[in-house]
2 protein chains.
Amino acid sequence: MENEEQQQAELLEKMRHSASHVLAQAVLKLYPDAKLGIGPAIDNGFYYDFEFSEPIEEEDLKPIEKEMKKIIKQGLPITQVMMKREDAIEYYKKTDQMYKLELIDEIEGKELSFFITGENEFADLCRGPHVASTKDIGAVKLTKTAGAYWRGDETKKMLTRIYGTAFETENELNTFLKNQEEIENRNHRKIGKQLELFAIIPEIGQGLPVWLPRGYKMRRIIENYILELEENAGYLHILTPHINRSVLFETSGHLSFYKESMYPAMEVDDETYYLKPMNCPAGMMVYNLSPKSYRDLPYKLGESGTVYRYEKSGELQGIQRVRGFTQNDAHIFCTPEQLEGVINETLDLLDIFYKDVGFTRYKFRLSLSEREANPKKYAGDVERWQKAEDTLRKVLADRGEEFEEMPGDAAFYGPKIDIQAVNVFGKEDSVSTIQLDFNLPEKFNIKYIDQDGTEQEPFVIHRALIGSFERFFAFLIETHGGDFPLWFTPEQVYVIPISEKHHDYAKQVYDELHNAGLRVKLDDRAKSMQSRIRDAEKMKIPYIVVVGDKEIETETISVRTRKNKSEGLMKVQEFIDNLKEEIRTKEPFTPPVEENN
Amino acid sequence: MENEEQQQAELLEKMRHSASHVLAQAVLKLYPDAKLGIGPAIDNGFYYDFEFSEPIEEEDLKPIEKEMKKIIKQGLPITQVMMKREDAIEYYKKTDQMYKLELIDEIEGKELSFFITGENEFADLCRGPHVASTKDIGAVKLTKTAGAYWRGDETKKMLTRIYGTAFETENELNTFLKNQEEIENRNHRKIGKQLELFAIIPEIGQGLPVWLPRGYKMRRIIENYILELEENAGYLHILTPHINRSVLFETSGHLSFYKESMYPAMEVDDETYYLKPMNCPAGMMVYNLSPKSYRDLPYKLGESGTVYRYEKSGELQGIQRVRGFTQNDAHIFCTPEQLEGVINETLDLLDIFYKDVGFTRYKFRLSLSEREANPKKYAGDVERWQKAEDTLRKVLADRGEEFEEMPGDAAFYGPKIDIQAVNVFGKEDSVSTIQLDFNLPEKFNIKYIDQDGTEQEPFVIHRALIGSFERFFAFLIETHGGDFPLWFTPEQVYVIPISEKHHDYAKQVYDELHNAGLRVKLDDRAKSMQSRIRDAEKMKIPYIVVVGDKEIETETISVRTRKNKSEGLMKVQEFIDNLKEEIRTKEPFTPPVEENN
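Given the structure is predicted, the values throughout are model-derived calculations rather than measurements.

Residue and element names in this part refer to chain B. Within the secondary structure layout, Ile-183 lies in helix α5 (residues 170-186). Relative accessible area serves as the criterion here: at 35%, Ile-183 is assigned to the partly exposed category. As for Ile-183 and Trp-487, which are separated by 304 residues in sequence, their C-alpha atoms are 24 Å apart.

Counting residues at the interface gives 53 residues for chain B and 53 residues for chain A. With both chains or domains summed, chain B and chain A bury close to 4,600 Å², and 64% of this area falls on carbon and sulfur atoms. The largest per-residue losses of area from chain B upon contact with chain A belong to Ile-204, Tyr-216 and Leu-239 of chain B, which jointly make up 13% of the total buried on that side. Our count for the contact surface shared by chain B and chain A stands at six salt bridges. Arg-323 of chain B is the salt-bridge partner of Asp-269 of chain A, the closest N and O atoms lying 3.0 Å from each other. Counting residues per element, the side of chain B that touches chain A draws most heavily on helix α7 (residues 213-232) of chain B, at nine residues. Looking at the side of chain B that touches chain A, its residues break down into 32 nonpolar, 11 polar and 10 charged.

All names here are of chain A. The buried count for strand β20 (residues 428-437) comes to seven of 10 residues, which makes it a mostly enclosed element. Sheet topology places strand β19 (residues 416-422) next to β20; seven bridges connect them, and they run antiparallel. When the bridges of β20 are listed, Ile-417 appears paired with Ile-434. Relative to strand β23 (residues 459-468), β20 is paired through five bridges, and the arrangement is antiparallel.

With that out of the way, let us pick up the pattern of salt bridges. Summed over the entire model, instances satisfying the criterion amount to 80 salt bridges over all chains. Glu-231 of chain A is the salt-bridge partner of Lys-217 of chain B, the closest N and O atoms lying 2.7 Å from each other. Of this pair, Lys-217 of chain B sits in helix α7 while Glu-231 of chain A sits in helix α7 (residues 213-232), each in a different chain. The partly exposed category is assigned to Glu-231 of chain A, whose relative accessible area is 27%. Of the charged contacts in the structure, one is a salt bridge between Arg-471 of chain A and Asp-429 of chain A, with a shortest N-O distance of 3.0 Å. Of this pair, Arg-471 of chain A sits in helix α14 (residues 469-480) while Asp-429 of chain A sits in strand β20, and the two are 42 residues apart along the sequence. What makes Arg-471 of chain A partly exposed here is its relative accessible area of 29%.

What counts, and at which threshold
- Residues numbered from 1 in each chain as written.
- Chains lettered and ligands numbered in written order.
- Predicted model: local features only at pLDDT ≥ 70, side-chain atom pairs only at ≥ 80, totals over all residues.
- Heavy atoms only, no water.
- Helix = DSSP H or I, 4+ residues; strand = E, 2+ residues; numbered from the N terminus.
- Buried < 20%, exposed > 50% of the residue type's maximum accessible area, 1.4 Å probe, protein only.
- Contact = heavy atoms within 4.5 Å.
- Buried area = accessible area lost by both parts, 1.4 Å probe.
- Salt bridge = Lys/Arg side-chain N within 4 Å of Asp/Glu carboxyl O.
- Nonpolar A, V, L, I, M, F, W, Y, C, P; charged D, E, K, R; others polar.
- Pairing = 2+ DSSP bridges.

Spatial relationships are all this shows, so hold off on functional conclusions.
What follows is the structure, given as structure tokens:
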């Protein structure tokens, strides 16, 4: 199976690489003075870089694509030939292809590999491999153009990159394109902007998202929900400062093994401060504020704590990969006997939470030690590691969860369970982690007095039900495509009067809904009803209430759901009752099947 | 009146200064080898510094005080004499008073002023003034001892400072002492520790409070309440990062006029970041994310934003004066016509809020410009200043508020209203501020499109209903002495079973209260009932529910309020209804009159 998949992938790569040659051949046919850069296969497709004498537009791709299809249909053979260096140079000098000459300059050897399409209809300096004939390329599509510096060097000339893709069948190609469009439509940056949820403002800083009113509203609803869930499970919540003295990170060890991810030091009076990259050290200090006994355990100390970590600017991505983020953090201190119950309870909370936010598919990854291969890697006691790993495995197995064991993947300080949520495209993301820690308790001298009066070290578990709010929201937005469950969507209802004479009734309906505790907006702007409905749809408002003569006469409202399905006339109270039930049950929204399917 | 008060204050100061001489005289009588430092009158009393050959304890103050009273009763005259420098030096050499010799060294002149008590029973180098006779000192009391370095210089010897106070009558003295005790009992640091609300942990950092679970619970309740209050008034809430790029503070001007209050810069890649000392610059950037029209105003943008400001370590004080704190911040952007309405609405919110948290006494301070005296001081347009100052004054006057005008007290960027809350001892604290700003809109090019299509600069108002949570909580704790109104007190009810056989019933009561949404704790620890009640009282729990045989039999509970008043037996449902009503009305708790009064 593995092998078959790999063969399939290799075939696709050859097809796409060959398609890039066909693209260059087609371009030279239509633009004989175009200069060729390079043209590799890439993930999901291929590209070729050109220098055109006149800039081309997206609409110029159609004729090029048509020309490519002609070439593919001809079934021209694609064959490798070895050309003498002098001949190759001569060939490119003659055709005035200076970028190719530059490439030859960097290749060693007396003979250079070329691939020839047909009877020398096209020749390209290339190591291959390729399909045997252009007819093997399958279904092809040019997707977009972009600017790209020659050799990726911004001091060099900007070339035009033409992207495309190829699949074995038209059907596969169409599925892929539709999927791409859907992924683009669900992109958290796109939806985040469209729904005004968050913004990255360059003057404030890279990777430092600003939560805008609608996004912050959602965040607060979910944060309050989480804190209540945890409170009911006996968690205590604290809030510690964003900067801590260096002594904390010396004690924890972060300054020796994590410093490159930390922001630079700040010297104040005689003290050195750091933005905290983790909430743990301060959490340990709070545990130690008073002596603990076995009666105090399990002690569950939560913090919605904002941390700052340096990431290379190239790695930042929307709110998914950022430099400043808030973790729904907690540290649980327990006895060995309590460990199994604590892990089970954590997974119970996770099940409730995932169900309520509409994450229906998730799986588990269990990262374990590999003591034989790395006997000196691991902090803490061997027996405690054994106990922890056995317990994590047992709990997952007893619950009947699907999980993968990853021996050797555990950090030096303890084994962990990663919870991988799977979005609608099958994209996995590690949203939550349950991490044992055998390092910090030792460093911070974390103890409790046991029943027999002896001092013992508790098991310490870090867990973040929601991971970070930022990463979680990126995944949440992409999972729901912005069509959030009613209970946490920032605005639940827009009330739209058809014309000015319906304003009073609309206000009356608005008041009833508002007083019932719904998040409602009255849109009585002087714009056409249709355009106000479109605005509401753009903001993905779950319910649009329209009122006009008919509604006033019958003392009702007209209700439309997302995706424009009309629910017809109903009484305001009935509507309120329906929504309250939907909120209470935290029913996730399922978009109706599109009409064109 | 002013004059009379001043005379009274001068008299008290003379009495207390004379009392310090009497203290020194008494000490020399009982400890003839004691060395004298200095002995001034201070706020609320006096002190004298001594070097004793053997350390003295608090209990040694009684005999000294007794000796002082004897001297006072004798009615010895206190008279000024001018002594020749040589004679003064001779006198102190003879009596081996080296600290006095050091003092003489620093005084110029051939003759030095001394005050003699009685027939030379005591003489002290002193400029006075003093009362004429020891019998004029009134009622005297020594209060405590403390260590104090000679001349406040820690490289010098540590002396023993004896503190005391004096009043004209025993009655006034007793009132003062009782008041002092009450102030001490209400001290926010003391109560914060006792009720486990917050902690300052030296390893985390000075002036960087940690909110402990009970304090954070209160903070969250009040924060959610405030945000809801603001939401209902049309505020939008955002959250911006704790670090911002330097360009923001260059634009705002903070880096030129506020830098010494900012934490040091952090260099990341090619950019410079600062911990934000204020939320304003990022707020202005958010306003500017999209163009605004007059229809969008008033635009009210709130942020519960944590800021960091450097304060000298000597000035830090509990959670009242800190380095990191969270402001309940908002920026309101409005048209000139909306200004009066906006200020009125802000004061309306403030009235609701102050009433609900139990601040019953507050007054207003209006800080205005003084353009004649400082024509170049003020940013922005003269007419806009005039309009703003007139509006602030008019609103306060129209509302019939007591307010004081402070010409010249306005900052360069705008006039403001400070709201001074007054606590039970009459201590005032500026809890909220409504500040106009004519600087930032200019710096950040803040505009809106008016009805006539022209671009205009809105009025920008900063306001913090709650000031900072830290400062507000310090005042809140001292106002209520820890006896918080039920609606935000961290724990509302403790359920205490008399003995083990009542555990089941207690659990049943606990469940009923918990399910009714009350914050309740079941204390069934194996400790005596009395000691568990004392623990609950120590934590100032509003309601203690005790259950035993009698309660089980009658299906009731016994309820005691704070201060140990019994409300007798009642049904659980009746109790729940009472509490819900008390929470709904946000009734502040009034402690019953103490029995010993």
